[in-house]
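Breakdown of the fold
The residues making up each chain are set out below.
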Amino acid sequence: MKLVSRTIEIDPATDTRLSELAAERGQDVAAVLAEAVALLDSMIDIAGPDVAEDRRRLDAFHQTRLAVPLDDVRAWVASWGSADELPPPSPRKLG
């Protein structure tokens, strides 16, 4: 594989975390960054948002008024990994 040299500027906390991740995995920082970019690319369509899907979901909300309040999502995520992990919140009628 041909390698390209690139200089980037990152904050000290990110640099520390990259070094920790590399050490935990027995890899160099470049390999960790390559994996992170591949993961990001697999999860996010950088070509652009799906506006039609957003519109469909907004229209559905306007019709049903069903949604999961942000505070419910925050509480659920905060409970992950704890002994008292919450079940995923259910949508409910808002407004």
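Just so it is clear, the model here is predicted, and its values are computed rather than measured.

About the cut-offs
- Residues take numbers from 1 onward in each chain, read along the sequence in its written order.
- Note on the predicted model: pLDDT of at least 70 is required for a residue's local features to be given, and 80 or more for side-chain atom pairs to be given and counted; whole-chain, interface and lining totals, by contrast, use all residues.
- Side-chain figures throughout are based on the complete set of non-hydrogen atoms in the structure, without hydrogens or water.
- Put simply, DSSP marks the helices as runs of H or I at least four residues long and the strands as runs of E at least two long, and each gets a number from the N terminus on.
- By definition here, a helix of n residues has an expected span of 1.5 Å times n minus one.
- With a 1.4 Å probe rolled over the protein chains alone, any residue whose accessible area is under 20% of its type maximum counts as buried; one over 50% counts as exposed, and the rest are partly exposed.
- Directions drawn from the helix axis to the C-beta atoms are what define this arc.
- The criterion used for residue contact is that any of the two residues' heavy atoms lie within 4.5 Å.
- Contacts described as polar in this section are N or O atom pairs within 3.5 Å, which, within protein, must combine one atom able to donate a hydrogen with one able to accept it, while residues neighboring in sequence count only if both atoms come from side chains.
- Lines are fitted to the C-alpha atoms to define the axes, a helix being fitted only along its stretch in contact, and any angle between axes, read from their N-to-C directions, falls within 0 to 180 degrees.
- Roughly parallel means an angle under 35 degrees; roughly antiparallel, over 145; roughly perpendicular, 65 to 115; everything else is oblique.
- Gly is placed with the polar residues, together with every amino acid not listed as nonpolar (Ala, Val, Leu, Ile, Met, Phe, Trp, Tyr, Cys and Pro) or charged (Asp, Glu, Lys and Arg).
- Ring geometry is summarised as follows: Phe, Tyr and Trp rings, the Trp one being its six-membered ring, pair when their centres sit within 6.5 Å, and such pairs are stacked at plane angles under 30 degrees, edge-to-face over 60 and tilted between the two.
- For this document, the term salt bridge refers to a Lys or Arg side-chain nitrogen within 4 Å of an Asp or Glu carboxyl oxygen.

Re helix α1 (residues 12–25)
The periodicity of an α-helix, 3.6 residues per turn, causes residues three or four places apart in sequence to face the same way. Over its 14 residues, α1 runs 20 Å from end to end, which matches the ideal 20 Å to within 8%, given 1.5 Å per residue. Within the sequence span of α1, burial applies to L18, L21 and A22. Along the long axis of α1, the arc covered by the buried residues comes to 100°, so they all point the same way. Exposed and oriented more than 90 degrees from the buried face of α1 are P12, A13, A23 and E24. The elements touched by buried residues of α1 are α2 (29–43). The opening residue of α1 is D11, an N-cap whose side-chain oxygen sits 3.1 Å from the backbone nitrogen of A13. A positive phi of about 70° marks G26, the residue just after α1.

Things to note about the environment of E35
One can find E35 in helix α2. Linking E35 and S79, residues 44 residues apart in sequence, is a C-alpha distance of 28 Å.

What to know about the packing of α1 against α2
Two quantities define a packed helix pair, namely the angle between the axes and the distance from one axis to the other. Two numbers describe how α1 lies on α2: the axes approach to 8 Å, and their chain directions differ by 100°. Classed by the angle they form, the pair α1 and α2 counts as roughly perpendicular. For the pair formed by α1 and α2, the contact residues are L18, S19, L21, A22 and R25 on the first element and V29, V32, L33 and E35 on the second. By residue class, the composition of the contact of α1 with α2 is six nonpolar, one polar and two charged.

Comments concerning the packing of aromatic side chains
Following the criterion strictly, the structure yields one aromatic pair and no others. Between W76 and W80 the ring centres are 5.0 Å apart and the planes differ by 90°, which places this aromatic pair in the edge-to-face class. Judged by its relative accessible area of 46%, W80 is partly exposed.

Re the pattern of salt bridges
Evaluated as defined, the whole model comprises seven salt bridges. In this structure, the salt-bridge partner of R56 is E53, at a minimum N-O distance of 2.8 Å. Of this pair, R56 and E53 both sit in helix α3 (residues 51–64), three residues apart, roughly one helical turn. Exposure remark for R56: the relative accessible area of 47% places this residue in the partly exposed category. With relative accessibility at 23%, the residue E53 sits in the partly exposed group. Salt-bridge contacts for R57 lead to E53; the nearest nitrogen and oxygen are separated by 2.6 Å. One end of the pair is R57 and the other is E53, both in helix α3 and four residues apart, which spans about a single turn. The exposed category is assigned to R57, whose relative accessible area is 54%.

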